[in-house]
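What the coordinates show
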Amino acid sequence: MENLEWGKLSRFSICTNGTEYKNKECQSLISKLGHRLSFTVSIDGNKELHDACRLDKNGKGTYDRAIYSALEYSNKYNPHLNSKMTISPFNVYHIKDLFKKYDKFNTSIQENLIAARVVKAFVRARHEKDKFKISNDELKDASIFAEKLIILNGPIMSVSVYT
């Protein structure tokens, strides 16, 4: 797909209950799609409410696996995790509490990511400076090239307009 032009520009969305997140094929797909993936985990309330609605093939609740999947994905791949919930007779009267839980969950993820970035920056300061220099040099070179094109095309445009 990466060989096709549209494949390079496309984005993908996965919505999951998280039960197969640790699966080798699932991990391979997630790492392959990388930044082009929108990953969504369905969490339908607190543990009791979620497990009442979401059972695996063995009849066990999936709440713990859903939370694990959400945290692992946001820490390992992308902090911008999506979440969905199915409104059912089990959780319809608990929506307000559920939104408070989502807020707390998102705050916790953000705090963990900020702390991880600070530690990473201190530990890898030289690497981060080198990475910045490379990006900055690439931007500088592209800007200089664009300016040269404008300078070279100026006289040609003037001749073509005034003749």
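Overview of the structure.

What counts, and where the lines are drawn
- Residues numbered from 1 in each chain as written.
- Predicted model: local features only at pLDDT ≥ 70, side-chain atom pairs only at ≥ 80, totals over all residues.
- Heavy atoms only, no water.
- Helix = DSSP H or I, 4+ residues; strand = E, 2+ residues; numbered from the N terminus.
- Polar contact = N/O pair within 3.5 Å; in protein donor to acceptor, adjacent residues only side chain to side chain.
- Salt bridge = Lys/Arg side-chain N within 4 Å of Asp/Glu carboxyl O.
- Buried < 20%, exposed > 50% of the residue type's maximum accessible area, 1.4 Å probe, protein only.
- Phe/Tyr/Trp six-rings, centres within 6.5 Å; stacked < 30°, edge-to-face > 60°.
- Lys NZ or Arg CZ within 6 Å of the ring centre and 35° of its normal.

**Focus on the environment of Ser 42**
Position of Ser 42 among the secondary structure elements: in strand E2 (residues 37-42). At 3.2 Å, the side chain of Ser 42 forms a polar contact with the side chain of Asp 44.

**Description of the pattern of salt bridges**
Counted under the stated rule, the structure contains 4 salt bridges. Arg 54 is the salt-bridge partner of Asp 44, the closest N and O atoms lying 2.6 Å from each other. Note that Asp 44 is positioned in the loop between E2 and helix H3 (47-53) and Arg 54 in the loop between H3 and helix H4 (63-76), a separation of 10 residues in sequence. Arg 54 gets classed as partly exposed once you look at its relative accessible area, which sits at 22%. Counted as one network, the salt bridges with shared partners bring together Lys 47, Asp 51 and Asp 64.

**Remarks on the packing of aromatic side chains**
Applying the stated criterion across every chain, the model contains 4 aromatic pairs. For the pair Tyr 21 and Tyr 68, a centre-to-centre distance of 6.3 Å together with 75 degrees between the ring planes defines the contact as edge-to-face. With a gap of 47 residues between them, Tyr 21 in the loop between strand E1 (12-16) and helix H2 (24-33) and Tyr 68 in helix H4 connect regions that are remote in the sequence. On the basis of relative accessible area, Tyr 21 is assigned to the buried category, the value being 2%. Members of the aromatic cluster, each reached through a chain of ring pairs, are Tyr 21, Phe 39, Tyr 68, Tyr 73 and Tyr 77. The ring of Tyr 68 has Lys 22 lying over it, and the distance from NZ or CZ to the ring centre is 4.6 Å.

Any link to function would need more than the numbers given here.
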